[in-house]
Amino acid sequence: MAELDLIRAIQAALTDRGDRTVRFTGDDAAVVRGRPFAVTSIDTVVDGVHFSLATHSPGDVGWKALATALSDIAAMGAEAGEAYVSLILPAGFDSALELVGAMEELAGRCGTTIAGGDVVSGPVLAVTVSVTGWAQDENELTGRDGARAGDLVGVTGELGGSEAGRALLEQGQREGALVRRHLRPEPRLREGRALAAAGATAMIDLSDGLATDAGHLAEASGVELRVRLDSVPCAEGVEAAAAAVGGDDYELLFTIAPDRRAAAEAAARVTWLGDVRAGLGLVLLDADDRPVDGLRGYEHQ
């Protein structure tokens, strides 16, 4: 398909959602009515680095690219708004509409408008997604730096499923809940907003694994997080140590004052992992409260 025909086909596949968008795809730039606070993030996925077309369909790639970006909005407690997509398409790749179609499907589930983008040719398939979330007041949002000694540490959902699914894909399996968990993660937008409203003091999405991302939150807050491995909620068939280091789960790790525990439990399905203390960094504990060393999630080179 010629470039201009592809662009027109992509534009025809997209839907304008909500009342913020003044000018949509088709102009040189999108025009959006803003709220007082815009929350922005950007993510890129590249063939051979973040996925493989040998195990991921083009639709899986598009879904994951948008999901990973929206997960950052979820971790801030913001309402999802608009997404802007840049596609780098290698020679011979003719499934751009399948890729965008899956992205648009997820956008519909999340109340997001894909409001613009760009298409260029390049050596490998790569998708960059910039997303904007919105908040009326700064106090509606939650960062990584608010955890305080005495807070509880909680997490949404189950951990380790995505990494287990990736391993199954490498073995040739294409079906099942774990495989889908890896191919099509769900950004926890509703949970993020609800936990922020419940009083979460700090929050982060688990993209690189609990053992890495909990350390990022502890460092940003200048505290020590103590997490019991036997409390980690594990996906079916996954052991706690593997659940702690597996990446791409996109659940939300958060801290909250003890007197807000009931509010957090009403906001989302959560599991309590430990607490926050004076110090710095993450301490993983076994069932006898002894520190466990050597567990690391994904770390970017």
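This is a predicted model, so every value here is computed, not measured.

Trainee: Run through the sheet that holds strand 10 (residues 252-256), naming residues and quoting values.
Mentor: Spatial strand order, 8-10-7-11-9-12: six strands in an open sheet with mixed pairing. Bordering the open sheet on either side are strand 8 (202-205) and strand 12 (281-285), each of which pairs with just one other strand. Taking the axes of each pair of neighbouring strands and ignoring which way they run, one obtains an average angle of 25° across the sheet. Taken strand by strand, helix 2 (residues 58-76) contacts strand 8 and strand 10, and its axis lies near 170° from that of strand 8.

Trainee: Break down the packing of helix 2 against helix 3 (residues 96-110) for me, citing the residues and quoting the values.
Mentor: Orientation of helix 2 relative to helix 3, taken along the N-to-C sense of each, is 40°, at an axis distance of 6 Å. In terms of orientation, helix 2 lies oblique with respect to helix 3. Helix 2 and helix 3 meet at a crossing whose hand is right-handed. From helix 2, Pro-58, Gly-59, Val-61, Gly-62, Trp-63, Ala-65, Leu-66, Ala-67 and Leu-70 reach across to helix 3, where they touch Glu-98, Leu-99, Ala-102, Met-103, Glu-105, Leu-106, Ala-107, Arg-109 and Cys-110. Here the residues of the contact of helix 2 with helix 3 are counted per class, giving 13 nonpolar, two polar and three charged.

Trainee: Quick one: what's the story with the layout of surface pockets, residue by residue and with numbers?
Mentor: In this model, the largest pocket occupies a volume close to 780 Å³. Surrounding the largest pocket, 33 residues form its lining, His-50, Ser-207, Asp-208, Asp-248 and Tyr-250 being those nearest its centre. In terms of residue class, the lining of the largest pocket is built from 10 nonpolar, 12 polar and 11 charged. Of the volumes computed, that of the second largest pocket is approximately 460 Å³. For the lining of the second largest pocket, the secondary-structure elements that each account for two or more residues are helix 1 (3-13), strand 4 (79-89), helix 3 and strand 5 (113-121). Among the elements that line the lining of the second largest pocket, the one with the most residues is strand 5, at six residues. Looking at side-chain class alone, the lining of the second largest pocket contains 14 nonpolar, five polar and three charged residues.

Trainee: So what's going on with the nonpolar core? Which residues, and what values?
Mentor: One finds Val-127 and Val-129 to be the most contacted residues of the largest nonpolar core, which totals 53 residues. In terms of residue count, the dominant contributor to this core is helix 2 (10 residues). Apart from the residues lying within four places of it in its own chain, the contact partners of Val-127 are Asp-43, Thr-44, Val-45, Val-61, Ala-65, Val-85, Ser-86, Leu-87, Leu-99 and Met-103. Of all hydrophobic cores here, the second largest spans 26 residues; its members include Leu-159, Ala-202, Leu-206 and Val-232.

Trainee: How would you explain helix 7 (residues 210-221) if you had to name every residue and give the values?
Mentor: In a regular helix each residue adds 1.5 Å, so 12 residues correspond to 16 Å; helix 7 covers 16 Å between its end C-alpha atoms and thus fits that length. Within helix 7, nine of the 12 residues are buried, which leaves it mostly tucked inside the rest of the structure. Among the residues of helix 7, Leu-210, Ala-211, Thr-212, Asp-213, Ala-214, Gly-215, Leu-217, Ala-218 and Ser-221 are the ones counted as buried. In this fold, the buried residues of helix 7 make contact with strand 8, strand 9 (224-228), helix 8 (240-245), strand 10, strand 11 (270-277) and strand 12. Positioned one or two residues after helix 7, Gly-222 has a phi angle of 70°, which is positive.

Trainee: Any chance you could break down the pattern of salt bridges for me, citing the residues and the numbers?
Mentor: This structure, assessed with the given rule, holds 20 salt bridges. Of the charged contacts in the structure, one is a salt bridge between Glu-82 and Arg-20, with a shortest N-O distance of 2.9 Å. Linking Glu-82 in strand 4 with Arg-20 in the loop between helix 1 and strand 1 (21-23), this pair joins segments that are 62 residues apart in sequence. For the pair Glu-82 and Arg-20, a shared accessibility class is recorded, and that class is buried.

The rules behind the values
- Residues numbered from 1 in each chain as written.
- Predicted model: local features only at pLDDT ≥ 70, side-chain atom pairs only at ≥ 80, totals over all residues.
- Heavy atoms only, no water.
- Pairing = 2+ DSSP bridges.
- Helix = DSSP H or I, 4+ residues; strand = E, 2+ residues; numbered from the N terminus.
- Axes fitted to C-alpha atoms, helices over the stretch in contact; angles between N-to-C directions.
- Contact = heavy atoms within 4.5 Å.
- Parallel < 35°, antiparallel > 145°, perpendicular 65-115°, else oblique.
- Left-handed = near helix turned anticlockwise from the far one by under 90°.
- Nonpolar A, V, L, I, M, F, W, Y, C, P; charged D, E, K, R; others polar.
- 1 Å grid on protein atoms, 1.4 Å probe; cavity = no way out; pocket = protein on both sides within 12 Å on 5 of 7 lines; lining within 4 Å.
- Points joined across faces, edges and corners; volume = space filled by probe spheres on them.
- Core = buried A, V, L, I, M, F, W, Y, C linked by side-chain atoms within 4.5 Å.
- Buried < 20%, exposed > 50% of the residue type's maximum accessible area, 1.4 Å probe, protein only.
- Expected span 1.5 Å × (residues − 1).
- Salt bridge = Lys/Arg side-chain N within 4 Å of Asp/Glu carboxyl O.

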